[in-house]
Structures are given as structure tokens and as C-alpha cells.
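Residue-level structure breakdown
Now for the letters of each chain:
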Amino acid sequence: MDIIRILIYLSIFIGFFTAAYYLLSFLDRKKSFKPIKELPFCSIIIPAYNEEDSLAKTVESVLKLNYPKEKYEIIIVNDGSKDKTEEIAKNLENKYGNVRAFTKKNGGKGSALNFGIKKAKGEIVLSLDADSMVTENALIYMIPYFADPEVMSVAPALKVYKPRGILQRVQAIEYDLGIFLRKAFSNLNAIHVTPGPFSAYRKIFFEKHGGYDESNITEDMEIAMRIQSLNYKIANSPKSLVYTISPGKIRELTRQRRRWYFGMLFNFNKYRNIFGKKYGELGVIILPLALFSILTVMIITSYFIFRGISDAIENLSLYSLINYDFINNFEFKSYIFSLSFYRLLSETLVLFGLFFAVFSVLLLIYINKKVKSVDRPVSTFINYIFFMIFYSLLFSFWWLISIVYYFTSKKIEW
Amino acid sequence: MERKFNWPRITLAFLIAVFLFAFGLLAGYVAKEYIQGASLTLEETARNEIIELETIYLLDSQFQCNTEALDITSSKLDNLGELITTLEQKKGKNDQEVLGLKKIYTVLETRHYLLISQRNKQCAQKYSVFFYFYSNGEKCHTPTKEISTILAYIRNKYDFVRVYSFDIDLNSDIIDFLKKKYGADSCVTVVLDEQKINFTPANAAELEAYLLKSRNNL
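Analysis parameters
Residues numbered from 1 in each chain as written. Chains lettered and ligands numbered in written order. Predicted model: local features only at pLDDT ≥ 70, side-chain atom pairs only at ≥ 80, totals over all residues. Heavy atoms only, no water. Contact = heavy atoms within 4.5 Å. Buried area = accessible area lost by both parts, 1.4 Å probe. Salt bridge = Lys/Arg side-chain N within 4 Å of Asp/Glu carboxyl O. Polar contact = N/O pair within 3.5 Å; in protein donor to acceptor, adjacent residues only side chain to side chain. Domains from an automatic or database assignment. Helix = DSSP H or I, 4+ residues; strand = E, 2+ residues; numbered from the N terminus. Nonpolar A, V, L, I, M, F, W, Y, C, P; charged D, E, K, R; others polar. Core = buried A, V, L, I, M, F, W, Y, C linked by side-chain atoms within 4.5 Å. Buried < 20%, exposed > 50% of the residue type's maximum accessible area, 1.4 Å probe, protein only. Expected span 1.5 Å × (residues − 1). Pairing = 2+ DSSP bridges. Axes fitted to C-alpha atoms, helices over the stretch in contact; angles between N-to-C directions.

This paragraph deals with the interface of chain A and chain B. Facing 48 residues of chain A, the contacting portion of chain B comprises 49 residues. Together, the buried faces of chain A and chain B total about 4,400 Å²; carbon and sulfur atoms form 67% of this surface. Considering only the surface of chain A that becomes buried against chain B, A:L321, A:Y335 and A:Y342 emerge as the three largest contributors, covering 16% of it. In this structure, the connection of chain A to chain B is made through one salt bridge. Of the charged contacts, one joins B:R9 and A:D28 as a salt bridge, the two residues approaching to 2.6 Å between their closest N and O atoms. Taken together, the connections running from chain A to chain B amount to eight residue pairs in polar contact (both at pLDDT 80 or more).

The next subject is the domain arrangement of chain B. For an interface, size is often stated in terms of accessible area lost upon the parts coming together. Residue and element names in this part refer to chain B. Here the domain parsing of chain B yields domain 1 (42-125) and domain 2 (126-218). Averaged C-alpha coordinates put domain 1 and domain 2 at centres separated by 18 Å. In this assembly, 22 residues from domain 1 lie in contact with 18 residues from domain 2. When domain 1 packs against domain 2, the two sides together hide about 1,900 Å² of surface, and 53% of this comes from carbon and sulfur. Taken together, the connections running from domain 1 to domain 2 amount to two salt bridges. A salt bridge links D78 to R162; its shortest N-O distance comes to 3.7 Å. Linking domain 1 with domain 2 are 11 residue pairs in polar contact (both at pLDDT 80 or more). Sorting the residues of the side of domain 1 that touches domain 2 by element identifies α3 (68-91) and α4 (96-122) as the ones contributing at least two each. Here the side of domain 1 that touches domain 2 gets 12 residues from one element, more than from any other, and that element is α4. Residue composition of the side of domain 1 that touches domain 2, by class: eight nonpolar, seven polar and seven charged.

The phi dihedral of A:K162 falls on the positive side, at around 35°, and the residue is not glycine. Topologically, A:K162 is positioned in the loop between β6 (151-160) and α6 (165-187). With phi around 45°, B:D193 is a residue other than glycine that occupies positive phi space. Within the secondary structure layout, B:D193 lies in the loop between β3 (188-192) and β4 (195-196).

Turning our eyes to something else, we now look at the nonpolar core. Residue and element names in this part refer to chain A. F17, Y21, Y22, F206 and I286 are the most contacted members of the largest nonpolar core, which has 86 residues in total. Examining the composition of this core, we find that 14 residues originate from one element, helix α1 (residues 3-26), more than from any other. Both domains that furnish three or more residues to this core are identified here as domain 1 (1-28 + 137-197 + 217-414) and domain 2 (42-122). For I286, the contacting residues outside a window of four places in its chain are Y21, Y22, F185, L188, A190, H192 and E281. Core analysis: the next-biggest nonpolar cluster, separate from the first, contains 38 residues, L65, V99, L139 and M142 among them.

Another aspect to go through is the environment of A:F198. For A:F198, the position within the fold is in the loop between α6 and β7 (199-202). Each C-alpha atom, one on A:F198 and one on A:N273, is 28 Å from the other, the two residues being 75 residues apart in sequence.

Turning to helix α13 (residues 348-371) of chain A, a few remarks are in order. Here α13(A) contains 24 residues, and its C-alpha end-to-end distance of 35 Å stays within 8% of the 34 Å for a straight helix at 1.5 Å per residue. When α13(A) is considered as a whole, its buried residues turn out to be A:T348, A:L349, A:L351, A:F352, A:S360, A:V361, A:L363, A:L364, A:I365, A:I367, A:N368 and A:V371.

Attention now moves to the sheet that holds strand β2 (residues 161-167) of chain B. Residue and element names in this part refer to chain B. Read across the sheet, four strands follow the order β2-β1-β3-β4 without closing on themselves; strand pairing throughout is mixed. If you trace the sheet from one side to the other, it starts and ends with β2 and β4, each paired once. Sheet topology note: the strand β1 (residues 128-134)/β2 ladder contains seven bridges and is parallel. What sits directly across from Y132, in β2, is S165. Packed on one face of the sheet, α4 meets β1 and β2 and runs near 150° to β2.

A word on the domain arrangement of chain A. All names here are of chain A. In terms of domain boundaries, chain A breaks down into domain 1 (1-28 + 137-197 + 217-414) and domain 2 (42-122). Taken over C-alpha atoms, the centre of domain 1 sits 32 Å from the centre of domain 2. Opposite the nine residues of domain 1 that make contact, domain 2 presents nine residues. Buried area between domain 1 and domain 2, summed over both chains or domains, comes out near 790 Å², and the portion from carbon and sulfur atoms is 69%. On inspection of domain 1 and its partner domain 2, the count reaches one salt bridge. Salt-bridge contacts for K109 lead to E219; the nearest nitrogen and oxygen are separated by 3.1 Å. Across the domain 1-domain 2 interface, the total number found is three residue pairs in polar contact (both at pLDDT 80 or more). If one sorts the elements of the side of domain 1 that touches domain 2 by residue count, helix α5 (residues 138-142) sits on top with three residues.

Set out below in C-alpha cells:
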């Protein structure tokens, strides 16, 4: 048996283990909360850079929160925008009593958040991307988790805002998978990313351990890994729904993923001390599993891409012998076609792979049903197929370029 | 925060994974067996094709210059070639069953060639016949692929062309005889209408020009 075959079998086994492990964790009974005597004052920081199109909508969604108005403030930090963001922010400040707007020199998201934390009066600080919208009960559902003094942060449930087109629809499936995973990770004390849209933190954490790492391109992951490395808890509030606008074009999506994955590698390296027995299941199972999956997907995909390219090069050189006259060379023979099909289906690995694919699609459908919201129907079957095939390929491609960027020390802009 | 391992959950997840893996593997194996069993095995199919071909050869003599039977045998011979290639890829070049079928295939090709030569003498339609001697050896990979591509193209382009391929590494008396006759001892040797081509065509155009010139001289 060749190495690739062994690797495929091994990754399928790891895939089954991961699915079972996370599913068991997801289905764990919910912990009961101690009642909160008094709602804390919260500061919602919205860093904005050239967000003239979505800022007002984001702020208005926060103003509709089912939370006492006198118990929260909105801090808009205009990070040196070149569009009308500053003007919109000032208008919102003048219109609403609990909105404060500041403008600073451009310094990136981390620096804008740190600026906002300094201005924040709240005991609880929340970050909110200016392209995201919160649902009415998002905040009120989060607060009880802070009754546990070890909880330093609470992550919301993120969904794609009004997905349109195949690319956004498959991202919607991915985000639903994220909700499932975050809940599973929460039960394992292993959340290692607190999403930019509406994650809540105790302000005391920033005072004790410093603010966001301004040089880090995935500051939301860095802060979560720092919380984990200091052995605090990160909880998850799956009912706190937050909608975010996802990239609608492949180029934007690739840029976003390159930043995420590059940041992941960077932060895994920065907090490599988390890998190990001291950090329990996070250090021994979850993070190593993530690295193993990335590595195997990379190797298997690279192998097939390399083989495909080398076959294509060989075929092209052969076609040059016939002057690329495909019309005269083409001859469809149903017999040959059925033979190829037969050959493919008489391979145990192919049939086993099909079984794994069907299992994965069914699991995705189950997850989607578990985390579906009232305003969006469950994704259609074709989206799952698209997610399984094309998204997996894109996933490998994104990882490949992120790794190249990481090891060639190329700089990635926010 | 104290971090603990939840061993019951980890063990249960592992057992589920083992079960799913074993079940998937078994399901894959059973499905493979079912697919193979549902259709005739490749070897059986090949043998059936051979019997049918032999019968059509016998019938062909009654059709004389009618091309109907010849077309059937040509198509069947091509299919049989593909079937043997599939078997070779599945079972390996040195599998005894595959080698046995290749020998029979060589006999059938030769019979088909004899049929064509007879027609060339008796009927108006003239076929151009290529003998293609190749080797599957590692060193011969590139020239074999190149000449195979060129000959397949010419066969598809011209209806009057027939190509008979012979594996020079096969232990066959017919091939040994033909090899000796045409001096086919290198990776690839091409013979057109019983004349060895004394150059290696660099591309299809070169061989096409040679073929058309040779037909004009008929």
C-alpha cells in the first residue's frame, strides 16, 4: 500500500474520531448558571475603517438590544477612515445618548480596539466589527456566563447575513459548523478563537494582561489563545446570534482566509506552550488534531494537484505531437467509459471514501438543523455537496498559500 | 482553571471511530464485491469477447467484400484491447491471467490482420496497416507513449487505417516471428504495409505524410 493510500485511510479514521469527539462534547448537558444579581455595565467597541456603508446599520442593531439603555454604551472608533465614516459616527453620537464617537490615526483593528478599551467605562467590554449586526437578545444571553469568575470571555454564535449566491450559501454552512464547534469547544474548555463580531471580555483582563496585540493580523485569535494560555475559561453563548456580512467574491474570500490561516499559524507558534499535557484536551487532542488535519489535507491535496499538473503537462506535450487536433483525435466509446467507471467503483478505497463523504454530509445536515435560525431555511442539499467538494479544494488552496506566505515571511495586510 | 481529561468521552469517541471505520471499510469491501459480482468479471468478459470474435471471423468469409462483419470485429478487437489494458492496470503487468489474455489477443489481432490483407487483395477498399511493436519497460515509457498517441490519432482520423499493437516483451511465438521479420528490437518499431519505417516520427504530421505518400504509390 502506498503512503498516500495509508494517509487517506488515517485521515478518514481521524475524521471519524474528530466528528464523534466533537459531537459527544456538543451533546453534553448544559451547565446551570448562578443567577446574576445585577446586570453589569457593558461597553461595545466598534472599530471602523472605511465602513460608511454598514456602520449605521450595525449601530442601530446594537441600539435595539434587549438590555437596559443605561447599562451599556457604544464606542465607535474611526480608525483614520478615508470615506464618510467619521461624519456618520458623529451623527450617530449626536442622535443617541449612549453612543460615543472618536477618531484616531489609522493603526489597524487592534489599535482601534485598544483605544476603545481605554475609553470604555464598562466592566464588560465587547468588540463588534462594523459589518456585523446583533440580534436583540445577543447580549442578555451572554451575561449569565460571567457568573463563573473563571470565565474571562464569552463568544457568540456567528451567522452569515442574508446569504446570496453559492459562495455565501456555502459559507453559511461553514459558519453553522462554527457554531457547532464553538459549543463543543466550550464544553471542552478549548475555544481558541473569540470572533471579532460581538465577543465579550472582562475589562479587568485587559488591565491585568495588556490589550490586543496590535501587530497581530488575527487579534481575535491571539486574545483567545492568550486567555487559554493563562488558564482562564472562554464560554460560548450559542443563543447570542450575530450576523456578519461574508465575502461574496472568491478573491475577497481568499484574501480573508489567507489572513485567518496565516494568523492561525502565527498564533499556534506564538503559543506553542499550549501544546501538551498541561493544557488538557486542548493541548493533547484539539490543537494537535487541527494541525494534523491541516497537514494531511495539505499533503493529500498537494499530491493530487502535483499529479494532476504533471499528467496535464505530459498530455500537453503528447498533444503537441498531434498539433492539438482534438477534433480528429476524439472518439467517444461508451464501452471505455463504462470500463473506467467500473474500475473506479471496484476500488475499496473509493467506496470507503464515498461512505465517509455521505457520513460527512449527513453530519453537516444534522448540525445545520441543530443550529438553524428562524429566518433562514436549512441549506439545500446541493449546497452541502458544493461545500464538500469545492470548498474542501479551496480550503487546501488557502492553506497552501498561507503556508507559503508564512514560511517565506511575506507580509499580510489587514 | 483546572484542566482534566474526560477519559470516558475520549474512549467512547475512539470506539465510535473504530466502529465507523470498520463499518465503512466493510461496506466498501461488500459494495466492491457486489459490483464485481453483478457484472461479469473482466476475465469472463474478455473470454466471451474472444469467442464472439472467433465466430465472426468464421462468418466473415461468407460476407466477402461487405464491411459489416469486419466493422464488428474491428470494434470488438478495440474493446478487447481496452479490457486487457484495464486488467493490466488492475492486476499488474506480470499477472499470469493478463499475460494469457494478451497472448490470445495477439492471435486474434494476427487473424484480423490476415482478414484485412485478404480483403486488400480481393476488394476495392484498401486498408493501410500499421504494426506497432512497443515495450512496457521503464526505459521505454516516453517513446511508447509518444508513438501510441500519434498512432491512435491517425487511426481515429482515417477510416482506412488499422493499427495492430504487439508487446515485444510478451512470450509469444507470433510476436517472436514478427519481431524477427521486421527487426523490431528497440523500444518502439513501426511497420506500415509490411515495410519497416526507418525513422522515428517526431509528430503525427510526419507519419501522416509518409502514410499518404505510401498510399499514392499503391
